[in-house]
Amino acid sequence: MTSSLVFITGSTGFIGTHVLQKTLEAGYKVRLSLRKESQISDIKVLFSKYTSQIDYAIIPDLAKPGAFDTALQGVTHVLHIASPMPGKGSDFKSDYLAPAVQGTNNLLEAAKNTPSIKRVVITSSVLAMMPAEGLITGQFEVKGKSFKGSSPDIQVDPDMQFPADPRASAGLMYHASKVLAHRATLEWVQNNKPAFSVATIHPSFVFGRNLTRKAGGEVDGSNSMLWNSLQSEKPLIPMASVDVRDVAEAHLRALKVEGKASELEEYILSAPEAKGWTWDSVAEFAHEKYSDLGIKIQGTFGKPPLVEANRAKDILGINWRDMKDTVSYFLDQQREFKSQL
């Protein structure tokens, strides 16, 4: 059992539960930031084998000044995964920007005042490195070969107007919050020169089994983008994808990297076309193996966008799962829920 204590935010979400599982399996003791005490029982059920390794801190509002001041006592490493998801609010500044930007700044400020902390890993998104209108215009382009993220040519106005369509508005609000939150992280590290190292993780669209789903119901998060695309004749998003298990593994490996104090490292996570990640391949595989799920997508869709993820492969040693493994991991769960109806 490692003596490190890892503080994790967002541990009840789709990515967060997978990260928590990996962290516990590796022998770490963890302290989880939860919004309410009622969430503790779900964690104890889901991770019943590891209850002795888990401690809890109830923090209802991450954006509240001083939210993390006492929760980080004795912590050596931080995994900051919590972030507002698309469709979870309608006001950009209060529902998206404040939790994403101020929540992260609050955590970093508290970490700066906690001498035991050695490393902070923050979950961002590949969207933080591309123009906010990219998904709407179809110009899915990651900006800057150095991948220093949120470069000055990515312009986002906090007072911008959003589309009337709630779905388009939610996606754009989420995207804009990711750009601004990551920019705030870059600026904070540059201005504060902390005694610990900082890494940011930038996944593309994350797919896989949701460990917290208890019934069929509506698919949410990034999985809904895959599911809704399979249920349509044409895909709704670019094919830039990564398995949630690879994302979880990347977090654990980034946690172990001996980073330099006051410096920020960045890792883009996205499986390459060579692993089968094209919409043509996804459509063909889904029709062949999961026709019982009402797969409708069909046609020829062209090459996927280029999202370079060499740093994650070279430094973290991630060996990307192929498309069939990931799509099966998700669709097998859909089939299980369908059989229960």
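Residues numbered from 1 in each chain as written. Predicted model: local features only at pLDDT ≥ 70, side-chain atom pairs only at ≥ 80, totals over all residues. Heavy atoms only, no water.

(A) Representation of the pattern of salt bridges. In this structure the tally under the stated criterion is 14 salt bridges. Here Asp55 ties to Arg31 by a salt bridge, and the two come within 3.1 Å at their closest N and O atoms. In this pair, Asp55 sits in strand 3 (residues 54-58) while Arg31 sits in strand 2 (residues 29-34), placing the two residues 24 residues apart along the sequence. On the basis of relative accessible area, Asp55 is assigned to the partly exposed category, the value being 34%. Among the ionic pairs, Glu336 bridges to Arg209, the shortest N-O distance being 2.9 Å. Here Glu336 is found in helix 10 (residues 323-339), whereas its partner Arg209 is found in the loop between strand 7 (205-207) and helix 6 (221-230), with 127 residues between them in sequence. (Salt bridge = Lys/Arg side-chain N within 4 Å of Asp/Glu carboxyl O. Helix = DSSP H or I, 4+ residues; strand = E, 2+ residues; numbered from the N terminus. Buried < 20%, exposed > 50% of the residue type's maximum accessible area, 1.4 Å probe, protein only.)

(B) Structural context of the confidence of the model for the protein. Looking at the protein, pLDDT values average 90 and 92% of them are 70 or higher. Segment residues 143-152: pLDDT under 50, and 27 contacts once partners within four positions in sequence are set aside and those in other chains are kept. (pLDDT = per-residue confidence, 0-100. Contact = heavy atoms within 4.5 Å.)

(C) Seen up close, the environment of Ser38. Within the fold, Ser38 resides in the loop between strand 2 and helix 2 (39-46). You can call Ser38 partly exposed: its relative accessible area is 48%. Here the alpha-carbon distance between Ser38 and Leu264, two residues 226 residues apart in the chain, equals 35 Å.

(D) Representation of helix 7 (residues 244-256) in the model. The end-to-end C-alpha separation of helix 7 is 19 Å, in line with the 18 Å expected for 13 residues at 1.5 Å each. Residues Val244, Arg245, Asp246, Val247, Ala248, Glu249, Ala250, His251, Leu252, Ala254 and Leu255 constitute the buried set of helix 7. For helix 7, the N-terminal capping position is held by Asp243, with its side-chain oxygen 2.7 Å away from the main-chain nitrogen of Arg245. (Expected span 1.5 Å × (residues − 1). Polar contact = N/O pair within 3.5 Å; in protein donor to acceptor, adjacent residues only side chain to side chain.)

(E) Spatial organisation of the environment of Leu230. Following the sequence through the fold, Leu230 ends up in helix 6. Leu230 gets classed as buried once you look at its relative accessible area, which sits at 0%. When the C-alpha atoms of Leu230 and Thr23 are compared, they prove to be 32 Å apart, with 207 residues separating the residues in sequence.

(F) Up close: the packing of aromatic side chains. Tallied over the full model, the rule gives five aromatic pairs. Here the aromatic rings of Trp188 and Phe196 are separated by 6.2 Å at their centres, their planes lie at 15 degrees, and the arrangement is stacked. In this structure, Trp188 and Phe196 share a single accessibility class: buried. Centroid distance Trp227 to Phe330: 6.3 Å. Interplanar angle 70 degrees. Geometry classified as edge-to-face. Linking Trp227 in helix 6 with Phe330 in helix 10, this pair joins segments that are 103 residues apart in sequence. (Phe/Tyr/Trp six-rings, centres within 6.5 Å; stacked < 30°, edge-to-face > 60°.)

(G) Local environment of empty space enclosed by the protein. Under the criterion given, the structure shown has one cavity of 30 Å³ or more. By volume, the largest cavity amounts to about 110 Å³. What lines the largest cavity is a set of 13 residues, and nearest its centre among them are Thr104, Ile122, Thr123, Lys178 and Ala181. Looking at the lining of the largest cavity, the elements that each hand over two or more residues are helix 3 (92-112), strand 5 (119-123) and helix 5 (166-192). With four residues, helix 5 is the single largest residue contributor to the lining of the largest cavity. Considering only residue class, the lining of the largest cavity consists of four nonpolar, eight polar and one charged. (1 Å grid on protein atoms, 1.4 Å probe; cavity = no way out; pocket = protein on both sides within 12 Å on 5 of 7 lines; lining within 4 Å. Points joined across faces, edges and corners; volume = space filled by probe spheres on them. Nonpolar A, V, L, I, M, F, W, Y, C, P; charged D, E, K, R; others polar.)

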